[in-house]
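Spelled out from the first residue to the last, the chains are:
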Number of protein chains: 2
Amino acid sequence: MSTGAGADRRIERSRAAITAAAIDLFTAHGFAGTNIDDVADRAGVSKKTIYNVFGGKEQLFRDIVEQAIQTAEGYSADTAAALTRVPEVEPNLRDAVVQLAQAVLAGQVIPIRRLLIAEVERFPELAQRYYSRAPGLVMRTLATTLARLAALGKLDVADADVAAEQLAFLVLGPGMDRALFRASGSRVDTTTEIEARANIAFDAFLAIYRH
Amino acid sequence: MSTGAGADRRIERSRAAITAAAIDLFTAHGFAGTNIDDVADRAGVSKKTIYNVFGGKEQLFRDIVEQAIQTAEGYSADTAAALTRVPEVEPNLRDAVVQLAQAVLAGQVIPIRRLLIAEVERFPELAQRYYSRAPGLVMRTLATTLARLAALGKLDVADADVAAEQLAFLVLGPGMDRALFRASGSRVDTTTEIEARANIAFDAFLAIYRH
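Residues numbered from 1 in each chain as written. Chains lettered and ligands numbered in written order. Predicted model: local features only at pLDDT ≥ 70, side-chain atom pairs only at ≥ 80, totals over all residues. Heavy atoms only, no water.

Some thoughts on unusual backbone geometry
Cis geometry is found at the peptide bond from Glu90(A) to Pro91(A), where omega equals 0 degrees. Assignment of secondary structure puts Pro91(A) in helix 5 (residues 89–106). (Helix = DSSP H or I, 4+ residues; strand = E, 2+ residues; numbered from the N terminus.)

Some remarks on the relation of the copies chain B and chain A
Once chain B is rotated about the relating axis by 180 degrees and shifted along it by 0.0 Å, it coincides with chain A to within an RMSD of 0.0 Å. One copy is carried onto the other by what is essentially a two-fold rotation axis. Measuring from the rotation axis to each C-alpha of chain B, the shortest distance belongs to Ala118(B), at 2.2 Å. Looking at chain B, 100% of its interface residues are interface residues in chain A too, so the copies touch through the same face. (Least-squares fit on C-alpha atoms with pLDDT ≥ 70 in both. Contact = heavy atoms within 4.5 Å.)

So, the confidence of the model for chain A
Chain-level pLDDT for chain A is 92 on average; 99% of the residues reach the 70-or-more range. As scored by the predictor, the complex reaches a pTM of 0.91 and an ipTM of 0.91. (pLDDT = per-residue confidence, 0-100.)

A closer look at empty space enclosed by the protein
A full pass over the atoms with the stated rule returns two cavities of 30 Å³ or more. If you add up the space inside the largest cavity, you get close to 240 Å³. Around the largest cavity, the lining comprises 28 residues; the ones closest to its centre are Gly30(A), Ala118(A), Glu119(A), Ala118(B) and Glu119(B). Contributing elements (two or more residues each) for the lining of the largest cavity: helix 1 (2–29) and helix 6 (109–118) of chain A together with helix 1 (2–29) and helix 6 (109–118) of chain B. Along the lines of polarity and charge, the residues of the lining of the largest cavity split into 13 nonpolar, eight polar and seven charged. Size it by volume and the second largest cavity reaches roughly 80 Å³. Lining of the second largest cavity is provided by Arg113(A), Phe169(A), Gly173(A), Met176(A), Asp177(A), Leu180(A), Phe169(B), Gly173(B), Met176(B), Asp177(B) and Leu180(B). Mapped by element, the contributors of at least two residues to the lining of the second largest cavity are helix 9 (160–180) of chain A together with helix 9 (160–180) of chain B. Of the residues belonging to the lining of the second largest cavity, the class tally is six nonpolar, two polar and three charged. (1 Å grid on protein atoms, 1.4 Å probe; cavity = no way out; pocket = protein on both sides within 12 Å on 5 of 7 lines; lining within 4 Å. Points joined across faces, edges and corners; volume = space filled by probe spheres on them. Nonpolar A, V, L, I, M, F, W, Y, C, P; charged D, E, K, R; others polar.)

Structural notes on the pattern of salt bridges
Pairing between side chains of opposite charge can happen when their charged atoms approach one another. Tallied over the full model, the rule gives 36 salt bridges over all chains. For the salt bridge of Glu193(A) with Arg187(A), the shortest nitrogen-to-oxygen distance reads 2.6 Å. Among the salt bridges present, the one from Glu88(B) reaches Lys154(B), with a minimum N-O distance of 3.0 Å. Taken as a pair, Glu88(B) in the loop between helix 4 (57–84) and helix 5 (89–106) and Lys154(B) in the loop between helix 8 (135–151) and helix 9 lie far apart in primary sequence, 66 residues in all. Through salt bridges that share partners, Glu165(A), Arg178(B), Arg182(B), Asp189(B) and Arg197(B) make up one connected network. (Salt bridge = Lys/Arg side-chain N within 4 Å of Asp/Glu carboxyl O.)

Focus on the interface of chain B and chain A
Facing the 38 residues of chain B at the interface are 38 residues of chain A. Counting the surface lost from both chain B and chain A, the interface buries some 3300 Å², and carbon and sulfur atoms represent 66% of this. It is Ile117(B), Glu121(B) and Phe181(B) that lose the most area in chain B upon contact with chain A, and together they represent 23% of the buried surface on that side. The tally of links from chain B across to chain A stands at six salt bridges. Across the contact surface, chain B and chain A share 12 residue pairs in polar contact (both at pLDDT 80 or more). Among the secondary structure elements, those contributing two or more residues to the side of chain B that touches chain A are helix 1, helix 6, helix 7 (124–133), helix 9 and helix 10 (191–209) of chain B. Per-element accounting of the side of chain B that touches chain A gives the leading share, 11 residues, to helix 9 of chain B. (Buried area = accessible area lost by both parts, 1.4 Å probe. Polar contact = N/O pair within 3.5 Å; in protein donor to acceptor, adjacent residues only side chain to side chain.)

Below is the structure:
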């Protein structure tokens, strides 16, 4: 039994090492540009171990994307929960929006977006699931929040879906677009820059929808 | 001499066939997922012809991206010229913005954007050149146009660069983002939908910056 537990721990360590190596390589080289030998080398395991644990390259790819979707979904659910409790436009909605910008633009969102965009022809259903479960969830919650604040008379919003989309793209659009075209290792926006730009974008949003 | 002209024409035809095949395959499968054999098959030429005409796979990739950048730059220059002549916010700037949305969202912009985003780690300088020469050119011209209309007292714009970015991402952001995550062959926005959404986005922009 202790041997069984030791084997389980070894498999768990291998799985974690393989996953970390696969994330690095797939995001740097794409699906076709990554081979199992390189993943095995980087993870310090044998090729056979990868096939035993994951089945193969496509299954490994689906597995790391699924993990990334779950992480994104978990974060989006946290954002959604925070938005649901927002009582006022100032300072609460503004703060939530600035935090969203920090999480999206300084976090792990860009590499997974880039990978899914790159592989959309090969894995169209993964791209669609990500889109619905992560950014889609944030957008739907933003819309609900704006509708609620409008019902309370705190914003003048007629179409909450349109307003949510405008808020999201004013705040996240330019930074996300620039980041997608920037290789890893090149200069990224600082948290101070992200905060300043998010506040300017939020001011613009209020100019449209404040009473 | 007629033999020389015939050979030139054959090379020209081969070059065009190879380019068309390479665009299809690179945009569908990425750089690593495309091989010269497949390009040769699809173009109906020999592998040797591709090596003779282009040098190799990387050169072929650079060549088709360069062509796409030139096309995008040519279109961006046309847009820039049209914007430079815009005399009024309504209907001229609105019309120009709706046309921009049609060109970007219903045209050939999405596949080249997706390809460059996918290959940004391998070809970072191509992504940067595209960004500066196509969307960058449009954005700079939008800023100049908004500054000019502000100087004429037709818009209340303090920071024309920020306002241009806001206008561009209100109008193009949501549709571009959705399209990047959508495989070819799936439903695309109709020109009627694009026009309606661009008008709503332009109304939001005017709510921020109209006197």
